[in-house]
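Reading the structure
One-letter residues, chain by chain:
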Amino acid sequence: MLIHGGGNAWWNYLRQARALSPRYHVILPTLDGHGEEYQIPYRSTEQTADRLMDYILRECGGRLFALGGVSLGGQIVMELLARKSDIAEKAIIDGSLCIPQPVLARFCIASVRLFGPLLFSEKACRRQLSLMDRVLPEEMRYPEEIKAYYLQDMPKLPQETLYAMYRTYMMRYRLKDSVRDSGAQVMYWYGEKEMNCVKKSARLFQTLLPSCELYEAKGYGHGYLSVYRPDEWLKIAVPFLERK
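Please read these numbers as outputs of a predicted model, since none were measured by experiment.

Okay, the overall build of the chain next. Of the regular secondary structure elements, the chain holds 10 helices and five strands. Expected size for 244 residues packed as a compact globule is a radius of gyration near 18 Å; at 17 Å, the chain falls within 12% of this value. Dimensions of the chain along its principal axes, counting C-alpha atoms only, are 45 × 35 × 35 Å. The buried share of the chain, reckoned over its 244 residues, is 53%. For the chain, the share of sequence-separated contacts (at least 6 apart) that also reach a separation of at least 24 residues comes to 77%. When the accessible area of the chain is evaluated, it comes to approximately 11600 Å², of which 52% is carbon and sulfur surface. Separation between the mean location of the 33 positive side-chain charges and that of the 28 negative ones in the chain comes to 4 Å.

Below you can see the structure in the form of structure tokens.
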């Protein structure tokens, strides 16, 4: 199960899922308040973990081979690992927070209140994609299929989803001590250019689960491997998944 980040949807991991699908059955959930679920209010990391846990218990026999998530999705992975020690054999957390950042959350909420229509209208999304094509190296640009999903979903993203996400993902969430009991092999990724609070979150997670491996993606910012560089994501993830 690969869980997308805040503001995106299941297509965040579409390219990785296709590459993995000959060997694995890959589940790509869409979080409440995102994508085709935009009309369902997003509440919190904990409620989202409730819903995914119900699905895993009902449809997957209570266990998965692997969990993965980027940003908000990675925080949800942490919550799931803390709730059930044998929920997964492997887990990849990419650029996620588990230390509250209330000042940053308030800044993000204020920015969306002021500039939301300028950031998430269809015209703004088209400008964003055009800018990405001009300034990003070719291997980081979205293919046409992902661009179509981006234009379909991003203009519908409710501002209330972002407010709830910032209040819960950034302002309130704390890593549960019970993650110490997890039997999963975990990799915690972050970009070299990530905010310090993300790097501190990675070190805190490793303090509670010493077997966790930290991986710093040199020269990269937030979520680059999961969102923009799926081929590099696979080069790191596949050996980890196949390791005995």
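What follows deals with the pattern of salt bridges. Within this structure, the stated rule accounts for 16 salt bridges. For Glu242, the salt bridge goes to Arg23, with nearest N and O atoms at 2.9 Å. Taken together, the residues Glu242 in helix α10 (residues 230-242) and Arg23 in the loop between α1 (14-20) and α2 (45-59) connect sequence positions 219 residues apart. Among the salt bridges present, the one from Arg58 reaches Glu59, with a minimum N-O distance of 3.2 Å. One network of salt bridges, in which partners are shared, links Glu46, Asp50, Glu79, Arg83 and Lys176.

The contact between helix α4 (residues 102-120) and helix α5 (residues 122-135) brings their axes to 5 Å, and the two run at 70 degrees. Overall, the two elements α4 and α5 adopt an arrangement that is roughly perpendicular. Residues Leu118, Leu119 and Phe120 of α4 pack against Glu122, Ala124, Cys125, Arg127 and Gln128 of α5. Split by residue class, the contact of α4 with α5 holds five nonpolar, one polar and two charged.

Overall, the coordinates contain one cavity of 30 Å³ or more when judged by the stated rule. Estimates place the volume of the largest cavity at around 40 Å³. Taken together, Asp94, Trp189, Tyr190, Gly191, Glu194, Ala217, Tyr220, Gly221, Gly223, Tyr224 and Leu225 form the lining of the largest cavity. Elements with a contribution of two residues or more to the lining of the largest cavity: β4 (185-191) and α9 (224-228). Ranked by residues supplied to the lining of the largest cavity, first place goes to β4 with three residues. Here the residues of the lining of the largest cavity sort into six nonpolar, three polar and two charged.

Remark: α5 packs on helix α6 (residues 144-153), axes separated minimally by 9 Å, with the N-to-C direction vectors making an angle of 155 degrees. Taken as axis vectors, α5 and α6 run roughly antiparallel relative to one another. Seen from above, α5 lies across α6 with right-handed handedness. Taken together, the residues of α6 that come into contact with α5 (itself represented by Glu122, Cys125, Arg126, Gln128, Leu129 and Asp133) are Lys147, Tyr150 and Leu151. Among the residues forming the contact of α5 with α6, the class breakdown is four nonpolar, one polar and four charged.

Reading guide: rules and limits
- Residues numbered from 1 in each chain as written.
- Predicted model: local features only at pLDDT ≥ 70, side-chain atom pairs only at ≥ 80, totals over all residues.
- Heavy atoms only, no water.
- Helix = DSSP H or I, 4+ residues; strand = E, 2+ residues; numbered from the N terminus.
- Rg over C-alpha atoms; globule rule 2.2 N^0.38 Å.
- Buried < 20%, exposed > 50% of the residue type's maximum accessible area, 1.4 Å probe, protein only.
- Contact = heavy atoms within 4.5 Å.
- Areas by Shrake-Rupley, 256 points an atom, 1.4 Å probe, with all protein chains shown as cover.
- Lys, Arg positive; Asp, Glu negative; His and termini not counted.
- Charge placed at Lys NZ, Arg CZ, Asp CG, Glu CD.
- Salt bridge = Lys/Arg side-chain N within 4 Å of Asp/Glu carboxyl O.
- Axes fitted to C-alpha atoms, helices over the stretch in contact; angles between N-to-C directions.
- Parallel < 35°, antiparallel > 145°, perpendicular 65-115°, else oblique.
- Nonpolar A, V, L, I, M, F, W, Y, C, P; charged D, E, K, R; others polar.
- 1 Å grid on protein atoms, 1.4 Å probe; cavity = no way out; pocket = protein on both sides within 12 Å on 5 of 7 lines; lining within 4 Å.
- Points joined across faces, edges and corners; volume = space filled by probe spheres on them.
- Left-handed = near helix turned anticlockwise from the far one by under 90°.

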